[in-house]
Amino acid sequence: MFSLYKKRPALAEVTILFGTHSGHSKYVARQLAKLLDLKGVSHRVLNMKRFRAADLVQERCVLMVVSTHGDGEPPAGAMRFVTELSKVPELSGLQYSVCALGDSYYENFCETGRYIDAVMMRLGARALVPRVDCDEEFEMPAARWIKEVAGVLSGSVAEEVSLVSQTRRYKARLTRQFRLNQPDSSKEVFHLEFESDLFPYLPGDSVGFIPSGFPNGRDQQGRTPRYYSIASSPLEVTNGFHLTVKTHEKGLCSPCLNHLLRPGDELEFIHLPSESFRLGHDHPAIILVAAGVGIAPFRAFIRHNAAQLNPVKIWLLYGDRNIETDYLYRDEWKALLEKGSIHRMDVAFSRNDPPQYVQDLLRINRKDVAQWVQSGTAVYVCGSKPMGAAVRGFFDDLSQNLALGDKGVHDRAELAYYEELF
Ligand SMILES: Cc1cc2nc3c(=O)[nH]c(=O)nc-3n(C[C@H](O)[C@H](O)[C@H](O)COP(=O)(O)OP(=O)(O)OC[C@H]3O[C@@H](n4cnc5c(N)ncnc54)[C@H](O)[C@@H]3O)c2cc1C
Ligand SMILES: Cc1cc2nc3c(=O)[nH]c(=O)nc-3n(C[C@H](O)[C@H](O)[C@H](O)COP(=O)(O)O)c2cc1C
């Protein structure tokens, strides 16, 4: 093996691309870069969101680390790269390799990495080393991939690489819990407050619980975490976090959180950073579109923003089932509106007369939305996938029409548009 590697001429100019949701792929990319540094292989590391697939034709060697999210989709930041990749005419001069991160619990295991690999092959690019598919415990296979890639590129056997586990477990203790909607509602949503170990979260992030780890839990098999968006700001709640949890009757996790857990009970959780669903301050204003428990991260955004020196202007559009029974955090919004922490709020209820959804609110207020968007407002959407699709449709249509008016926005891809759908 050693002599085989030695015969290869060392390649220069390597581009390492990563596509990530929660930071694992970025970590792997950086560890690869460190080893290439040691080996004297010149390289650069780039987030896929800043790289156009068309520019691949100028590259000699591209190494890609990418995860899969949603139902087999690329992380939000990698979406454009993946979509544009299939439009590249050919890449016969290019060498590449893919490290795919995923979780075999999901049906579309490592789908993004597999797809990229297949397209690269079809375009005539040559695999430097075969793709590796990494399961939830990605550290060992990813380390082997790094070692192999570095060995081939440097023409020498690379030293052992060891990656540190990125899924640290923390402890949380329930301190308070109350039902948010009315007992006669057709669903059940709870507000939960936890004290916890310190962990570096930002609004937009989630926590994950492994169902089999619940105290007093049923005999459960669930090994895959269920995630909940953090509904509090670390600037306000410094020793823990809040959640907004809807009960899924036959679910493994939500009934335990809402029914079995008692104040004082402890449980373990993991932190899911959300690199592409963060409250940025490079926009003068933000529009938040939420349905149901999709309101949770926006409670964190709004409260976090209110605690800043230079808060951005917020327009909240919120939809739920019934105004009498399901208006989550109603009094809080009222107080935040009075304080000016929310500039404007519109609500829609699907089981009142007339039935309305958030996308109806957007359509009704289309002129105002257009004005906000044209002045550089970022749009955040959180809730169910069907709701997300409807809202996306609205913004696709709006931005196409704005393009006709030549006001600087030509399609939704040019909007600062962020979504968290579940
Ligand atoms: C990033 C992210 C953030 C999220 N944020 C939030 C949030 O803030 N608040 C929130 O409430 N949710 C949130 N979710 C959704 C949440 O993670 C869970 O999907 C939800 O709580 C269901 O988990 P569960 O374990 O209770 O149900 P699961 O065990 O996962 O079951 C899923 C569904 O299948 C049904 N089911 C399961 N077993 C059976 C059976 N034997 N027969 C019939 N039906 C069955 C359940 O009723 C349920 O509807 C988020 C998800 C993600 C990915
Ligand atoms: C909400 C959610 C959805 C996911 N969906 C998939 C999926 O469809 N297929 C898959 O292989 N992995 C899936 N995963 C697993 C991630 O790809 C895996 O945790 C990976 O290590 C994350 O890497 P990243 O931090 O670079 O995004 C999912 C993870 C989460 C939290």
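Residues numbered from 1 in each chain as written. Chains lettered and ligands numbered in written order. Predicted model: local features only at pLDDT ≥ 70, side-chain atom pairs only at ≥ 80, totals over all residues. Heavy atoms only, no water.

### Comments concerning the nonpolar core
Soluble, globular proteins show a tendency: their nonpolar side chains are buried together.
Right, so step 1: Within the largest apolar cluster, 32 residues are counted, with the highest numbers of intra-cluster contacts made by Val28, Leu36, Leu63, Cys99, Trp145 and Leu153.
Right, so step 2: Per-element accounting of this core gives the leading share, eight residues, to helix 5 (residues 139-154).
Right, so step 3: Beyond its immediate sequence surroundings of up to four residues, Trp145 is in contact with Leu32, Leu63, Met64, Val65, Ser97, Val98, Cys99, Val129, Pro130 and Val132.
Right, so step 4: Counting residues in each nonpolar core, the second largest holds 28 residues, with Leu316, Leu328, Tyr329 and Trp333 among its members. (Core = buried A, V, L, I, M, F, W, Y, C linked by side-chain atoms within 4.5 Å. Buried < 20%, exposed > 50% of the residue type's maximum accessible area, 1.4 Å probe, protein only. Helix = DSSP H or I, 4+ residues; strand = E, 2+ residues; numbered from the N terminus. Contact = heavy atoms within 4.5 Å.)

### Some details on the site of ligand 1
Right, so step 1: Neighbouring ligand 1 are 19 residues, the closest being Tyr227, Tyr228, Thr244, Cys253 and Ser254.
Right, so step 2: One of the side-chain N or O atoms of Tyr228 is found 2.6 Å from an oxygen atom in ligand 1.
Right, so step 3: At a separation of 2.9 Å, an oxygen atom of ligand 1 approaches a polar backbone atom of Lys246.
Right, so step 4: Contact with the protein chains covers 66% of the free accessible surface of ligand 1, which is 970 Å².
Right, so step 5: Those elements that place two or more of their residues in the shell around ligand 1 are strand 10 (226-229), strand 11 (240-246) and helix 6 (254-260).
Right, so step 6: Counting residues per element, the shell around ligand 1 draws most heavily on strand 10, which supplies four residues.
Right, so step 7: The class makeup of the residues in the shell around ligand 1 is nine nonpolar, six polar and four charged.
Right, so step 8: Domain assignment of the residues forming the shell around ligand 1 places at least three in each of domain 2 (169-272) and domain 3 (285-421). (Near = heavy atom within 4 Å. Polar contact = N/O pair within 3.5 Å; in protein donor to acceptor, adjacent residues only side chain to side chain. Areas by Shrake-Rupley, 256 points an atom, 1.4 Å probe, with all protein chains shown as cover. Nonpolar A, V, L, I, M, F, W, Y, C, P; charged D, E, K, R; others polar. Domains from an automatic or database assignment.)

### So, the sheet that holds strand 16 (residues 378-383)
Right, so step 1: If you trace the five strands from one edge of the open sheet to the other, you get 15-14-13-16-17, paired in parallel fashion. Two strands close off the open sheet at either side, each with one partner strand: strand 15 (344-349) and strand 17 (417-421). Averaged over all pairs of adjacent strands, the angle between their axes in this sheet comes to 10°, without regard to strand direction.
Right, so step 2: Alignment of strand 14 (residues 313-320) against strand 15, held across six bridges, turns out to be parallel. Directly across from Leu317, in strand 15, lies its bridge partner Asp346. (Pairing = 2+ DSSP bridges. Axes fitted to C-alpha atoms, helices over the stretch in contact; angles between N-to-C directions.)

### With respect to unusual backbone geometry
Peptide bonds are, in most cases, trans, and in most cases residues other than glycine have a negative phi.
Right, so step 1: Between Asp353 and the following residue, Pro354, the backbone shows a cis peptide bond with an omega angle of -5°.
Right, so step 2: Located in the positive-phi region is Cys110, a residue other than glycine, with phi close to 55°.
Right, so step 3: Within the element layout of this structure, Cys110 appears in the loop between strand 4 (95-101) and helix 4 (111-122).
Right, so step 4: With a phi angle near 55°, Tyr329 is a residue other than glycine that sits in the positive phi range.
Right, so step 5: Summarising the element assignment, Tyr329 is placed in the loop between strand 14 and helix 8 (330-339).
Right, so step 6: Note on Tyr329: relative accessible area 7%, which makes it buried.

### As for helix 2 (residues 24-39)
Right, so step 1: Taking 1.5 Å per residue, 16 residues should reach 22 Å; helix 2 reaches 23 Å between its end C-alpha atoms and fits that length.
Right, so step 2: Those residues of helix 2 lying buried are His24, Ser25, Tyr27, Val28, Ala29, Gln31, Leu32, Ala33, Leu35 and Leu36. (Expected span 1.5 Å × (residues − 1).)

### Notes on the domain arrangement of the protein
Right, so step 1: Assigned domains of the protein: these are domain 1 (2-154), domain 2 (169-272) and domain 3 (285-421).
Right, so step 2: Taking only C-alpha atoms into account, the centre of domain 1 sits 35 Å from that of domain 2.
Right, so step 3: At the interface, six residues of domain 1 touch four residues of domain 2.
Right, so step 4: Here domain 1 meets domain 2 over a buried area of about 420 Å², counting both sides, of which 51% is carbon and sulfur.
Right, so step 5: The tally of links between domain 1 and domain 2 comes to zero salt bridges. (Buried area = accessible area lost by both parts, 1.4 Å probe. Salt bridge = Lys/Arg side-chain N within 4 Å of Asp/Glu carboxyl O.)

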